[in-house]
Amino acid sequence: HCSGRVEVFYGQRWGTMCDDTWDLVEAEVVCRQLGCGKALLATHGASFGQGSGPIWLDDVSCAGTEAALSQCRATPWGSHNCGHGEDAGVVCTAQCCTLSSQAKIQQKLRSFLFLNTGFAELLPVRLVNGSSNCSGRVEVFHEQQWGTVCDDSWDLTDAQVVCRQLGCG
């Protein structure tokens, strides 16, 4: 399943979110944003392991109709009353990929989930029609749809960024 600890990108750093008020409504928004189907489970108590670094979000509250977590209400960035033992996670219905380990699935979740924070937006990226999860046509998710990347000026440096973002080396 498409599953893992939920992390968000803010201030050019990845961080976790607290499981206070975390339930299926919020998990549904995350699964929708990731293109991972419906939410099966909103996990609590760092069930996918404790994160490190900042805890960015707490008391996240969604109506359930949001297209992205960034549209939900929450406490101000970095304001929380929890530790990493309360990191939130999700289990979604879709089979996310044929990756070999939960760590790689977590990396995929991290590469997909982002919030627009005034910094350069980290666009979700995927590889399509390749022979493995680390090869294929590059697509990015922008304005609620997947699109291809033009190859003008595309080079090995650009490819290496995509590979790092997807946890492919």
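Residues numbered from 1 in each chain as written. Predicted model: local features only at pLDDT ≥ 70, side-chain atom pairs only at ≥ 80, totals over all residues. Heavy atoms only, no water.

Draft legend 1. How the structure looks around the packing of aromatic side chains. Under the definition given, this model contains 1 aromatic pair. Geometrically, the ring pair formed by Trp 56 and Trp 77 is edge-to-face, given 6.1 Å between the ring centres and 80° between the ring planes. A residue pair is termed long-range when its members are at least 10 positions apart, and Trp 56 in strand β5 (residues 55–57) and Trp 77 in the loop between β5 and β6 (89–92) qualify at 21 residues. Its relative accessible area of 13% is what places Trp 56 among the buried residues. (Phe/Tyr/Trp six-rings, centres within 6.5 Å; stacked < 30°, edge-to-face > 60°. Helix = DSSP H or I, 4+ residues; strand = E, 2+ residues; numbered from the N terminus. Buried < 20%, exposed > 50% of the residue type's maximum accessible area, 1.4 Å probe, protein only.)

Draft legend 2. Summary view of the sheet that holds strand β1 (residues 3–5). If you trace the 3 strands from one edge of the open sheet to the other, you get β1-β6-β4, paired in antiparallel fashion. Of all the strands in the sheet, just β1 and β4 (39–43) have a single pairing partner and so form its edges. The sheet shows a mean angle of 10° between the axes of neighbouring strands, direction not considered. In this fold helix α1 (residues 24–34) packs onto β4 and β6, with an angle of close to 120° to the strand it touches most, β4. (Pairing = 2+ DSSP bridges. Axes fitted to C-alpha atoms, helices over the stretch in contact; angles between N-to-C directions. Contact = heavy atoms within 4.5 Å.)

Draft legend 3. Spotlight on the sheet that holds strand β3 (residues 13–17). The 3 strands are arranged β2-β3-β5 in an open sheet whose pairing can be described as mixed. Looking at which strands have only one partner, the edges of the open sheet turn out to be β2 (7–10) and β5. Adjacent strand axes in the sheet meet at a mean angle of 55°, parallel and antiparallel pairs treated alike. One ladder, built from 2 bridges, connects β3 with β5; its direction is parallel. Looking across to β5, one finds that Met 17 is bridged to Leu 57.

Draft legend 4. Just the nonpolar core, in detail. In terms of nonpolar packing, the biggest core is built from 22 residues, with Met 17, Trp 22, Leu 69 and Val 90 touching the most fellow members. When residues in this core are grouped by element, the largest group, 5 residues, is from α1. Leave out the neighbours within four places in its chain, and Trp 22 touches Val 6, Met 17, Ala 27, Val 30, Ala 42, Thr 43, His 44, Ala 88, Gly 89 and Val 90. (Core = buried A, V, L, I, M, F, W, Y, C linked by side-chain atoms within 4.5 Å.)

Draft legend 5. Quick peek at the state of the cysteines. Throughout the structure, instances matching the rule amount to 3 disulfides. Note that Cys 31 is cross-linked by a disulfide to Cys 92, the S-S spacing being 1.9 Å. Judged by the torsion about the S-S bond (-85°), the Cys 31/Cys 92 disulfide is left-handed. Here the residue Cys 31 occupies a position in helix α1, and Cys 92 occupies one in strand β6, the gap between them amounting to 61 residues. Here Cys 31 falls in the buried class, since its relative accessible area comes to 0%. The side chain of Cys 62 participates in a disulfide bridge whose partner is Cys 72; the two sulfur atoms lie 2.0 Å from each other. Residues Cys 62 and Cys 72 are joined through a disulfide that is right-handed, its torsion about the S-S bond being 105°. Of the two residues, Cys 62 is situated in the loop between β5 and β6 and Cys 72 in the loop between β5 and β6; the sequence distance between them amounts to 10 residues. Neither residue differs from the other here; Cys 62 and Cys 72 are each classed as buried. (Disulfide = S-S within 2.5 Å.)

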